[in-house]
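What the coordinates show
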Number of protein chains: 2
Amino acid sequence: MTDGSPAPAAAPPRGAELPIAVDAMGGDRAPAEIVAGALLAAEAGAPVLLVGDPARMGDTGGLEVLPASQTVEMHEDPGRAVRTKKDSSLVRAAEAVRDGRAGAMVSAGNTGAAMASALFRMGRIRGVARPAIATIIPVPGLSPTVLLDAGANAECSPAWLVQFAQMGSAFARVRLGIARPRVALLSIGEEPGKGNPLAKETHALLAGGAGGPDVEFVGNVEGRDVMSDAADVIVTDGFTGNVVLKTLEGSMKFAMKAVLGAVGGPGVPEEAGAALLGALMPLAGELDPETYGGAVLLGVGGVCIISHGSSSARAIVNAVEVGRRAVADDLVGQLRRAVAASAEGPEPGE
Amino acid sequence: MTDGSPAPAAAPPRGAELPIAVDAMGGDRAPAEIVAGALLAAEAGAPVLLVGDPARMGDTGGLEVLPASQTVEMHEDPGRAVRTKKDSSLVRAAEAVRDGRAGAMVSAGNTGAAMASALFRMGRIRGVARPAIATIIPVPGLSPTVLLDAGANAECSPAWLVQFAQMGSAFARVRLGIARPRVALLSIGEEPGKGNPLAKETHALLAGGAGGPDVEFVGNVEGRDVMSDAADVIVTDGFTGNVVLKTLEGSMKFAMKAVLGAVGGPGVPEEAGAALLGALMPLAGELDPETYGGAVLLGVGGVCIISHGSSSARAIVNAVEVGRRAVADDLVGQLRRAVAASAEGPEPGE
């Protein structure tokens, strides 16, 4: 990928490609659907390392397995789970990345626990105050939008949001190939004075250049701009970001269901419905969050892909692919440089 | 000027229905579209009082006019505008309600200035810490959802959110006829421990009964529940609420455009497209925010309807109707009782 940034000073050793560690036990449909996805990914040529309890995974079709006897459940307290379940698939997957046995980890399990595993085992990129979850929002017909933080930090400081701008910008360069991503701040009005104290202070910092030369700050955007071409990267706190993401998810699901209901309803000839479905399917496919295969935890010392809890086998295939590309593009190195380049920026505080 | 003072003790004379004061100068399409809407509303039988600059309103078709020589522009600072433009249509409309010359006010203009006019001229309901904007989110096929605060207070305290729960509950009873509305708190997980400090503290208060016996608290909901049947009233701070509302607006607009594009695109026979449009139109109509005619400012001593800045004549007709119904249903009295009934609740603080 040619993102316009200089090539890495020292390329990582190019030998055999490291496998992607897939947490077989995480997700609403684990382990069957996750294992099925891992198998499909492997068939398509991706090296995969399944992490989980061999007794519960069923037939793994000859995939390499890293045994882990414990499972972090979806609603467990993340911190406690990671501290107490040291032989869980999540912790073992993160360790595999840390130890150079895997190139990236993928999990559709407990998001908080996946974050905690990655953070505790891979560590933080030097200078990063808080890792953030970056999600790609598909906008059919237009370029997608990177939204962060999508839920890692329910409460944020302005300095953290400035770092999210730096990391989000680097992520959009690497992942979407946008040479100079337009970075916006989510608020409730375009004017700098609009918003809550966090938005106002962050606006002042970013407008003052605190993001450094690589952050092209274009000002505030509103909720209606998330599915538009107003910005490539939208920065917000993890509470607002998570609410936005789930609101979009709910409304798109609702709209699709309502449209399909109208198409299949009385008054619409069967062949008309069929023709419309044919026209709508590509749209539904583009809008499907599974298309982008999962969110990426930015700021930790390795690649951690967080998939939707309801992930299907196809979502896992895409997530594995996202992980492979992040490794190939040296995403972590790019993030490291993005954060280091702005060392003259404000010191990230608590 | 009677800023913050209680409404006149003497009840307005009950005889002829008071007119709805329509701010002719507020909105992206003012005054022409607003005047057109007022005329349509009057034709349909609503008593209307047009407030604005007679020189700029054009033909008002014989409607009663309350002259106001000034106009608050869309992006003016609300507080300053209301202080300095004492002869603006917004301020005069609020005064008409205060003085018993109108039953309610309707404006599609500067939202902050409409709020400030209503607050400064009509005063606050006794015991209300902060007025909030309540919006009705249409959910075709299911009962609509009341969302508040949709933008009046960018930063909120837990005690204010408890009051929003009380006011939102009373509003849903009056406006939607729901005997015992289910009130939920917007957060980023269903568990009480999920969310930012505001959400966690508010959850503890509401779960502990701080809303009083009339608030049926059903716990946290997530963004995906806004367009679902999970709750009748969703409470949040004005920053998050405004972001959610605009995210919904943007995504629904996007979805409709995309679907219509698919219907009219290649591969769909013309007659099939026409049949589909016929099936989709009722859905589009139900989803149109104009259907509900505007948001209501809850907590001030009179009825103030805040319409979308882009309001069409049809939106104004609906807003006038919302205003009439709020007056007929004694919404302000109901809110007064809802807040007074829970006087044993926490004292609303700053």
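Basis of the calculations
- Counting from 1, residues in each chain are numbered in the order their sequence is written.
- Chains carry letters from A onward and ligands carry numbers from 1 onward, assigned in written order.
- For this predicted model, a pLDDT threshold of at least 70 governs which residues receive local features, and a threshold of 80 or more governs which side-chain atom pairs are given and counted, while totals over whole chains, interfaces and linings are taken from all residues.
- Helix and strand assignments follow DSSP, with helices taken as H or I runs no shorter than four residues and strands as E runs no shorter than two, numbered in order from the N terminus.
- Based on C-alpha atoms, the radius of gyration is set beside the globule rule, defined as 2.2 Å times the residue count to the power 0.38.
- Neighbour density around each residue's C-beta defines its exposure: 20 or more other C-beta atoms within 10 Å make it buried, 12 or fewer make it exposed, and counts between make it partly exposed, where C-beta atoms are placed from the backbone.
- Once C-beta atoms are placed from the backbone, any two residues with those atoms within 7 Å are in contact.
- Note on residue classes: Ala, Val, Leu, Ile, Met, Phe, Trp, Tyr, Cys and Pro are nonpolar, Asp, Glu, Lys and Arg are charged, and everything else, Gly too, is polar.
- All copies are superposed by least squares; the fitting set is the C-alpha atoms of residues with a pLDDT of at least 70 in both.
- Under this scheme, a helix contributes an axis fitted over its contacting stretch, all axes are lines through C-alpha atoms, and angles between N-to-C directions fall in the 0 to 180 degree range.
- Roughly parallel here means an angle under 35 degrees, roughly antiparallel means over 145, roughly perpendicular means 65 to 115, and every remaining angle is called oblique.
- Pairing between strands is defined by DSSP: at least two bridges between the two strands are required.
- Take the number of residues in a helix, subtract one, and multiply by 1.5 Å to get its expected span.
- The quantity known as pLDDT measures the predictor's confidence residue by residue, on a range of 0 to 100.
- We define the nonpolar core as any set of buried residues of the types Ala, Val, Leu, Ile, Met, Phe, Trp, Tyr and Cys, connected via C-beta atoms lying within 7 Å of each other.
- Note that the domain bounds reflect an automated or database-derived domain assignment.
- It is the directions from the helix axis to the C-beta atoms whose arc is reported.
- Throughout, a crossing is termed right-handed when the near helix is turned clockwise from the far one, and left-handed when it is turned anticlockwise from it by less than a right angle.

All right, on to the overall build of chain A then. Each helix and strand in chain A was counted, giving 11 helices and 11 strands. Taking 350 residues into account, the globule formula puts the C-alpha radius of gyration at 20 Å, and chain A, at 20 Å, falls close to it. C-alpha atoms of chain A, sized along the principal axes, occupy 60 × 55 × 40 Å. The burial tally for chain A puts 58% of its 350 residues in the buried class. When contacts within chain A are restricted to residue pairs at least 6 apart in sequence, long-range pairs at least 24 apart make up 72% of them.

On to the interface of chain B and chain A, then. Facing 48 residues of chain B, the contacting portion of chain A comprises 49 residues. With 19 residues, the single largest contributor to the side of chain B that touches chain A is helix H8 (residues 238-264) of chain B. For the side of chain B that touches chain A, the class distribution of residues is 27 nonpolar, 14 polar and seven charged.

Before going further, it helps to examine the relation of the copies chain B and chain A. Its rotation angle being 180 degrees, the transformation that places chain B on chain A also includes 0.0 Å of axial translation and leaves an RMSD of 0.1 Å. Both copies of the chain, as the preceding transformation shows, are related through a two-fold rotation axis. Scanning chain B for the C-alpha nearest the rotation axis identifies B:Ala272, at a separation of 2.3 Å. Both copies share a contact surface, since 100% of the interface residues of chain B are interface residues in chain A too.

With that settled, consider the packing of helix H9 (residues 270-287) of chain A against helix H9 (residues 270-287) of chain B. It is at 9 Å that the axes of H9(A) and H9(B) come closest, and there the two elements cross at 90 degrees. For the element pair H9(A) / H9(B), the angle class is roughly perpendicular. Contacts from A:Glu271, A:Ala272, A:Ala275 and A:Leu276 of H9(A) reach H9(B) at B:Ala272, B:Ala275 and B:Leu276. Along the lines of polarity and charge, the residues of the contact of H9(A) with H9(B) split into six nonpolar, no polar and one charged.

To continue, consider the sheet that holds strand S1 (residues 20-23) of chain B. Residue and element names in this part refer to chain B. Across the sheet, 11 strands lie side by side as S3-S2-S1-S4-S11-S10-S5-S6-S9-S7-S8; this open sheet has mixed pairing. What marks the edges here is a single partner per strand, and that holds for strand S3 (64-67) and strand S8 (216-221). Within this sheet the neighbouring strands show an average axis-to-axis angle of 25 degrees, counted without direction. In terms of strand pairing, strand S4 (residues 104-107) meets strand S11 (residues 303-306) through four bridges, oriented parallel. Paired with Ala104 across the bridge in S11 is Val303. Relative to S11, helix H5 (residues 111-122) is tilted by about 180 degrees, and along the sheet it contacts S4, strand S10 (295-298) and S11.

Residue and element names in this part refer to chain B. When the terminal C-alpha atoms of H5 are compared, their 16 Å separation across 12 residues agrees well with the 16 Å that a helix rising 1.5 Å per residue should span. The element H5 is largely enclosed, with a buried count of 12 among its 12 residues. One or two residues past the end of H5 sits Gly123, with phi positive at roughly 75 degrees.

Residue and element names in this part refer to chain A. Model confidence for chain A is summarised by a mean pLDDT of 90, while 93% of its residues fall at 70 or above. The model gives residues 1-13 a pLDDT under 50, and that stretch makes 14 contacts with residues more than four places away or in other chains. Interface confidence for the predicted complex, expressed as ipTM, amounts to 0.89; the pTM equals 0.90.

Once that is clear, we can look at the nonpolar core. Ranked by size, the top nonpolar core spans 257 residues in total, and within it A:Val22, A:Met105, B:Val22 and B:Met105 carry the most contacts. Split by domain, the residues of this core number at least three in each of domain 1 (1-128 + 299-330) and domain 2 (132-293) of chain A.

All names here are of chain B. Inspection of the secondary structure puts Met122 in helix H5. For Met122, a count of 26 C-beta atoms within 10 Å translates into the label buried. In this structure the C-alpha to C-alpha distance between Met122 and Val259, which are 137 residues apart in sequence, comes to 45 Å.

Quick look at the environment of A:Val221 now. Residues and elements named next belong to chain A. Considering the arrangement of structural elements, one finds Val221 in strand S8 (residues 216-221). For Val221, a count of 23 C-beta atoms within 10 Å puts it in the buried group. Placed 38 residues apart in sequence, Val221 and Val183 show a C-alpha to C-alpha distance of 9.7 Å. Setting aside residues up to four positions removed in sequence, Val221 forms contacts with Ala184, Leu186, Ala230, Ala231 and Ile234.

This paragraph deals with helix H7 (residues 197-207) of chain A. Residues and elements named next belong to chain A. Regarding H7, the residues found buried are Leu198, Ala199, Thr202, His203, Leu205 and Leu206. Looking straight down H7, one finds that the buried residues subtend no more than 165 degrees of arc, so they occupy a single side. The inward-facing, buried residues of H7 contact helix H6 (158-176), strand S7 (182-186) and S8.

Residues and elements named next belong to chain A. Read across the open sheet, the 11 strands follow the order S3-S2-S1-S4-S11-S10-S5-S6-S9-S7-S8; overall the sheet is mixed. Two strands bound the open sheet, and with one partner strand each, they are strand S3 (64-67) and S8. Within this sheet the neighbouring strands show an average axis-to-axis angle of 25 degrees, counted without direction. Pairing of strand S10 (residues 295-298) with strand S11 (residues 303-306), which is carried by two bridges, proceeds in the antiparallel orientation. Among the inter-strand pairings, Ala295 is bridged to a residue of S11, identified as Ile306. Relative to the sheet, helix H1 (residues 32-43) contacts strand S1 (20-23) and strand S2 (48-52), its axis offset from that of S2 by approximately 165 degrees. This element, helix H4 (residues 89-98), spans S1, S2, S3, strand S4 (104-107) and S11 of the sheet and lies at about 160 degrees to S4.

Another aspect to go through is the packing of H9(A) against H8(B). At a minimum axis distance of 9 Å, the contact between H9(A) and H8(B) shows a crossing angle of 135 degrees. Taken together, H9(A) and H8(B) sit at an angle that is classed as oblique. Classified by chirality, the crossing of H8(B) by H9(A) is right-handed. Taken together, the residues of H8(B) that come into contact with H9(A) (itself represented by A:Leu276, A:Ala279, A:Leu280 and A:Leu283) are B:Ala258, B:Val259, B:Ala262 and B:Val263. Tallied by class, the residues present in the contact of H9(A) with H8(B) amount to eight nonpolar, no polar and no charged.

Sheet topology note: the S7(A)/S8(A) ladder contains five bridges and is parallel. Bridged to A:Val183 within S8(A) is A:Phe217.

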